[in-house]
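# Descriptive analysis of the structure
Listed below, chain by chain, are the residues.
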Amino acid sequence: MFWLKKRDNPTADSVAEQVGLDAEGFYRTGRMHCAEAVLMAMRNAYSPETPQDVVRLAAGFGGGSNAGCLCGAVSGGTMAFGLAVKEDKRRVNRLTRQLHEWFKHEYGATCCRIATKNAKGKGGCAVLTGEVARRTAELLEA
């Protein structure tokens, strides 16, 4: 896959790593922004029976909902929890809180404007998108 050229190891050792690679790849195609890419990668891995059209629900969340607020990748991960954990809202809430806490630790804030600045040293939004998708899957698997 062309978007994996910069990766030293394009093969994934776990579902979470594959989800991360897929999300980063979707983002790098330019056809999806961060929220869509995370949601699509998670949908493919954890809820393939869900129609792909559901990913369009994330269309307005890229770039912090185009306002620079909550990171779109985090929004996509939050939506993915709802797809993967169908009957346990408490678990969805707990996973969402854990994702937010991890993201704040990694990027300084859940605010897109701040996270984007802090992501530049880590490879930018494409890498951030893959990392959020990977972490979302890891939380589900824990």
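Summarised in this report is the structure supplied together with it. (Residues numbered from 1 in each chain as written. Predicted model: local features only at pLDDT ≥ 70, side-chain atom pairs only at ≥ 80, totals over all residues. Heavy atoms only, no water.)

## Overview of the pattern of salt bridges
Counting across every chain of the model gives six salt bridges. Its salt-bridge partner being Asp53, residue Arg56 comes within 2.8 Å of it at the nearest N-O pair. Taken individually, Arg56 and Asp53 each receive the classification exposed, so the pair is uniform in this respect. A single network of salt bridges, built from pairs that share partners, joins Arg134, Arg135 and Glu138. (Salt bridge = Lys/Arg side-chain N within 4 Å of Asp/Glu carboxyl O. Buried < 20%, exposed > 50% of the residue type's maximum accessible area, 1.4 Å probe, protein only.)

## Here's the deal with the side chain of Glu36
Tracing the backbone through its elements, the reader meets Glu36 in helix H2 (residues 34-46). When neighbours within four sequence positions are excluded, Glu36 is seen to be in contact with Arg31, Val55, Ala58 and Ala59. (Helix = DSSP H or I, 4+ residues; strand = E, 2+ residues; numbered from the N terminus. Contact = heavy atoms within 4.5 Å.)

## A short note on the packing of aromatic side chains
Scanning the entire structure with this criterion turns up two aromatic pairs. When the ring of Phe103 is compared with that of Tyr107, the centres are 4.9 Å apart and the planes differ by 35°; the resulting orientation is tilted. Taken together, the residues Phe103 and Tyr107, both in helix H5 (residues 89-107) and four residues apart, mark about one turn of the helix. Per residue, the accessibility class of Phe103 equals that of Tyr107, and both read buried. Through a chain of ring-to-ring contacts, the aromatic side chains of Trp102, Phe103 and Tyr107 assemble into a single cluster. The cationic tip of Lys122 hangs over the ring face of Tyr107; the distance from NZ or CZ to the ring centre is 4.6 Å. (Phe/Tyr/Trp six-rings, centres within 6.5 Å; stacked < 30°, edge-to-face > 60°. Lys NZ or Arg CZ within 6 Å of the ring centre and 35° of its normal.)

## Some details on the side chain of Glu24
Note that Glu24 resides in helix H1 (residues 15-28). Owing to a relative accessible area of 5%, Glu24 belongs among the buried residues under this scheme. In terms of polar contacts, Glu24 uses its side chain to reach the side chain of Arg28, at 2.8 Å. (Polar contact = N/O pair within 3.5 Å; in protein donor to acceptor, adjacent residues only side chain to side chain.)

## Examining the nonpolar core
Counting 36 residues, the largest nonpolar core has Met42, Ala73, Phe81, Leu99, Phe103, Leu128 and Val132 as its most contacted members. Counting residues per element, the ones that place at least two in this core are H1, H2, helix H4 (72-84), H5, helix H6 (112-119) and helix H7 (124-141). Of all the elements, H2 adds the most residues to this core, at eight residues. Setting aside residues no more than four positions away along its own chain, Val132 makes contact with Val38, Ala73, Val74, Leu99, Trp102 and Phe103. (Core = buried A, V, L, I, M, F, W, Y, C linked by side-chain atoms within 4.5 Å.)

That's the geometry; what it means functionally is another story.
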